[in-house]
Amino acid sequence: MITNLQTPIDYLKGVGPNRADLLRTELGIHTYQDLINLFPNRYIDRTQYYKINQLQRNNTDVQVIGKITEFKEVAQQQGKRLVATFQDDTGLMELVWFRGQKWIRESIKLNTNYVIFGKTNWFNGRFSMPHPEMELLEEHEKNLRSAMQPVYPSTEKLSNKGITNRVISKIMQQLFLETNGRFSETLSENILSELKLISKSDALFNVHFPKTQELLARAQYRLKFEEFFYIQLQLILKNLIHKSKIKGFPFEKVGTYFNTFFKDHLPFELTNAQKRVLKEIRADLGSNAQMNRLLQGDVGSGKTIVALMSMLIALDNGFQACLMAPTEILSVQHYNNLVELCNKLNISIKILTGSTKTSERTKIHESLENGELDILIGTHALLENKVKFKNLGLAIIDEQHRFGVEQRSKLWKKNTSPPHVLIMTATPIPRTLAMSVYGDLDISIIDELPPGRKSIKTVHRYDKNRLNVFKFIRDEIAKGRQIYIVYPLIQESETMDYKDLMDGYESISRDFPLPNYQISIVHGKMKPADKDYEMQRFIKGETNIMVATTVIEVGVNVPNASVMIIESAERFGLSQLHQLRGRVGRSAEQSYCILMTSHKLSADSKTRLETMVRTSDGFEIAEVDLRLRGPGDIMGTQQSGVLNLKIADLIKDKDILQNARFHAKKVLNSDPMLSNTENKAILNTYQELAKFKNIWNYIS
Ligand code: ADP
Ligand code: MG
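Residues numbered from 1 in each chain as written. Chains lettered and ligands numbered in written order. Predicted model: local features only at pLDDT ≥ 70, side-chain atom pairs only at ≥ 80, totals over all residues. Heavy atoms only, no water.

**Concerning the pairing of strand E22 (residues 592-597)**
Most of E22 is tucked away: 6 of the 6 residues are buried. Side chains Tyr592, Ile594 and Met596 project from E22 onto one buried face, and the interleaved Cys593, Leu595 and Thr597 project onto a second face that is buried too. By the bridge criterion, 6 bridges tie strand E17 (residues 457-462) to E22 in an arrangement that is parallel. Across the sheet, lysine 457 pairs through a bridge with tyrosine 592, a residue of E22. Here strand E21 (residues 561-566) pairs with E22 via 4 bridges, running parallel. Looking at the pairing, methionine 564 lines up with cysteine 593 of E22. (Buried < 20%, exposed > 50% of the residue type's maximum accessible area, 1.4 Å probe, protein only. Helix = DSSP H or I, 4+ residues; strand = E, 2+ residues; numbered from the N terminus. Pairing = 2+ DSSP bridges.)

**Regarding unusual backbone geometry**
Residue proline 515 follows leucine 514 across a cis peptide bond; omega there is 0 degrees. Considering the arrangement of structural elements, one finds proline 515 in the loop between helix H18 (494-511) and strand E19 (519-522). Positioned with a positive phi, histidine 131 is a non-glycine residue whose angle comes to about 40 degrees. When you line up the elements, histidine 131 lands in the loop between strand E7 (126-130) and strand E8 (133-136). Taking the relative accessible area as the measure of exposure, histidine 131 reaches 30% and is therefore partly exposed. With phi around 55 degrees, asparagine 346 is a residue other than glycine that occupies positive phi space. Position of asparagine 346 among the secondary structure elements: in the loop between helix H13 (328-341) and strand E12 (349-352). Here asparagine 346 falls in the exposed class, since its relative accessible area comes to 71%.

**A word on the packing of helix H11 (residues 272-286) against helix H12 (residues 303-316)**
Working note: a packed helix pair is described by the angle between its axes plus the distance between those axes. Here H11 crosses H12 at 30 degrees, and the two axes come no closer than 10 Å. Taken together, H11 and H12 sit at an angle that is classed as roughly parallel. Viewed along their axes, H11 and H12 form a crossing whose handedness is right-handed. Judged by residue contacts, Gln274, Val277, Leu278, Ile281, Arg282 and Leu285 of H11 engage Ile305, Val306, Met309, Ser310 and Ile313 from H12. By residue class, the composition of the contact of H11 with H12 is 8 nonpolar, 2 polar and 1 charged. (Axes fitted to C-alpha atoms, helices over the stretch in contact; angles between N-to-C directions. Parallel < 35°, antiparallel > 145°, perpendicular 65-115°, else oblique. Left-handed = near helix turned anticlockwise from the far one by under 90°. Contact = heavy atoms within 4.5 Å. Nonpolar A, V, L, I, M, F, W, Y, C, P; charged D, E, K, R; others polar.)

**Observations regarding the site of ligand 1**
As a structural note, the neighbourhood of ligand 1 is formed by 16 residues, with Glu269, Gly300, Lys303, Thr304 and Arg453 the closest of them. In this structure, an oxygen atom belonging to ligand 1 sits 3.1 Å away from a main-chain N or O atom of glycine 302. Contact between ligand 1 and threonine 304: an oxygen atom at 2.6 Å from a side-chain N or O atom of the residue. Relative to its unbound accessible area of 560 Å², ligand 1 is 82% covered by the protein chains. (Near = heavy atom within 4 Å. Polar contact = N/O pair within 3.5 Å; in protein donor to acceptor, adjacent residues only side chain to side chain. Areas by Shrake-Rupley, 256 points an atom, 1.4 Å probe, with all protein chains shown as cover.)

**As for the sheet that holds E12**
Where strands meet in a sheet, backbone hydrogen bonds hold them as pairs that are either parallel or antiparallel. Strand order in the open sheet formed by 7 strands is E12-E13-E11-E14-E15-E10-E16, with parallel pairing between adjacent strands. The two strands at the open ends of the sheet, each matched to only one other strand, are E12 and strand E16 (442-446). Across the sheet, the axes of successive neighbouring strands diverge by a mean angle of 20 degrees, strand direction being ignored. Here strand E11 (residues 320-324) runs beside strand E14 (residues 392-398); their pairing, made up of 5 bridges, is parallel.

**As for the pattern of salt bridges**
The final tally for this structure, using the stated rule, is 34 salt bridges. Among the salt bridges present, the one from lysine 200 reaches glutamate 226, with a minimum N-O distance of 2.7 Å. Here glutamate 226 lies in helix H9 (residues 213-245) and lysine 200 lies in helix H8 (residues 200-208), a separation of 26 residues in the sequence. Looking at glutamate 226, the relative accessible area reads 9%, which means it is buried. Ionic pairing is found between arginine 481 and glutamate 589, a salt bridge with its closest N-O pair at 3.8 Å. (Salt bridge = Lys/Arg side-chain N within 4 Å of Asp/Glu carboxyl O.)

**Some details on the packing of aromatic side chains**
Within the structure shown, the criterion is met by 15 aromatic pairs. Aromatic pair phenylalanine 229 and tyrosine 230: ring centres 5.1 Å apart, planes at 85 degrees, arrangement edge-to-face. With respect to class, phenylalanine 229 is no different from tyrosine 230; both count as buried. Both rings, one in phenylalanine 258 and one in phenylalanine 262, keep their centres 6.2 Å apart while their planes meet at 15 degrees; by these two values the pair is stacked. Remark: phenylalanine 262 and phenylalanine 258 occur in helix H10 (residues 256-265); sequence separation between them is 4 residues, near one turn of the helix. Look at phenylalanine 258 and you get buried, because its relative accessible area is 5%. Connected via pairs of aromatic rings, a cluster forms that spans Phe176, Phe183, Phe205 and Phe209. When the ring centre of phenylalanine 512 is taken as origin, the NZ or CZ atom of arginine 474, which lies over that ring, is 5.0 Å away. (Phe/Tyr/Trp six-rings, centres within 6.5 Å; stacked < 30°, edge-to-face > 60°. Lys NZ or Arg CZ within 6 Å of the ring centre and 35° of its normal.)

Here is the structure:
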């Protein structure tokens, strides 16, 4: 008989009501199950004992056998510390307590053999160990000991209340006693044998009480695999259910708009990646299910043309399409771009933003509702209730990071039945993260830049080299190139940033005076119309230098601009730096990115700058970013569930993740309902997890 693991932790021998409360509040352990899933952070060797004369000054975590011969109290600045002389047959050392001194004096026996464990300090010419873990040698010998003794997660409160690592280990032992160490298998025979995984019971035993290094490794592998497997299973199932439940409009044909454009108006040959992605999108649009696809492609990889051609398929099938961008500048640019690309196609395209005049607005609303308008481009303004489509078939969202899930679903609700949705992002999300967070979206990747691009030369320069940098700018302008100079804009210190920007603008105006040099400036405090005017001057080549805050970060396309100078580059995040750099390198000319910083750089800033100089591969940069910031920061709080992994690590264990995803897909392909007997264990576990909401917090 297998013990019910949902038994409250209070029932475990050795866990009274006080400890149970602490375990609940400090570690979230409510049940036997929770305790068994408290996995060690690391392991230490408890089979090795040191003699005092063997101690090294850099020792961490050592174990020594010896006796306390005397206690003394030493006054110090605040209160006193308790110092014990501890000796073995090779020498003397000191044990030191700053807290809990009364309890120590009362409970520790003099001249009796103890095993002490802790970190040693070299202090006043001898070794000392603050707050050692202590156990009577006699007791110690009765306990399980291992070369890989687990160290469990803990909190300060727990250790202050005496729930030390040793106590947790003891409780864990008790749990294995009460359950006979027998736990239901959670994976299928097929998977176990194909991957040569050890059983659930063996894995749990060896992760808590490793017998050998090898068994520990196998136990960890199996438990990590299982953790990823059930997350993937759940995400994939969600996707399948979504597809079977939510019917999309089947776009059966590829018609005149698409074909005419493809044959006669395509301004360049599509890259293989663009072709592949278009095929994936076409397959989705033609199926009966609603498309829900994420299109990832580095800056400049050519997502716009893919968006346009997808919209043409919608039009070919008698539907309308819309394209939503996060800023006015971007919307205008998309609009101009698409109008130009489509000028021979007899399509009606309009733009709607916050600054659209009321009369124009009314016209747009009307023509949308009566179906005269084919494509609407714009900002958040598209989400307003007044905006009603006759038949919206495809909604495209550019730069998805700026839009929340809620806004996405607002777009969906604009129809009786949700339109197909394509989300485009230029912020590459590491594959592993995308897999765990967006497992419910299908993903297309453009991993190839249009031909003929030269790679961007990136350098890091300190502020004191500014004169050289200015000379370089002059030379580039003399060659007919244009320059971006970008200043940070961080919400909290907006006024200060604004001042930096204005100071910078003034000094640049001095070094690049009229009439030889024309400078544009764009920042968040300007009226949209003024912003647009300045932007347009730069786009048309009337100005040589664009001084800006990060408003220009996303999407802006000025191929003649070949130098990107980023001021206070240490204040930008990696993905932002990468986005900014993507503004240049858009023509056949050699482009440059210059990262300007002061001399004071944190270790993380250095890594960011080095990474930028080393590589321009967006996915590689995203991986470094993930390592520096962790998944929670990258995805925002919404998806912070990814952080709740109990044993696996998104970064270190990505191969296991890939393997788990592969097998989850395989199982569902052959048995979508998990109804085969061979998958009974999987179905049970899945339902169990669903019942106790252990994995559902991954879902936004
Ligand atoms: P992003 O993916 O950053 O949105 P864009 O769609 O703005 O990239 O494309 C960047 C530039 O590359 C544009 O000037 C576009 O016209 C050009 N471009 C896109 N695809 C190709 C291609 N296959 N061959 C040549 N140029 C291309
Ligand atoms: Mg773009």
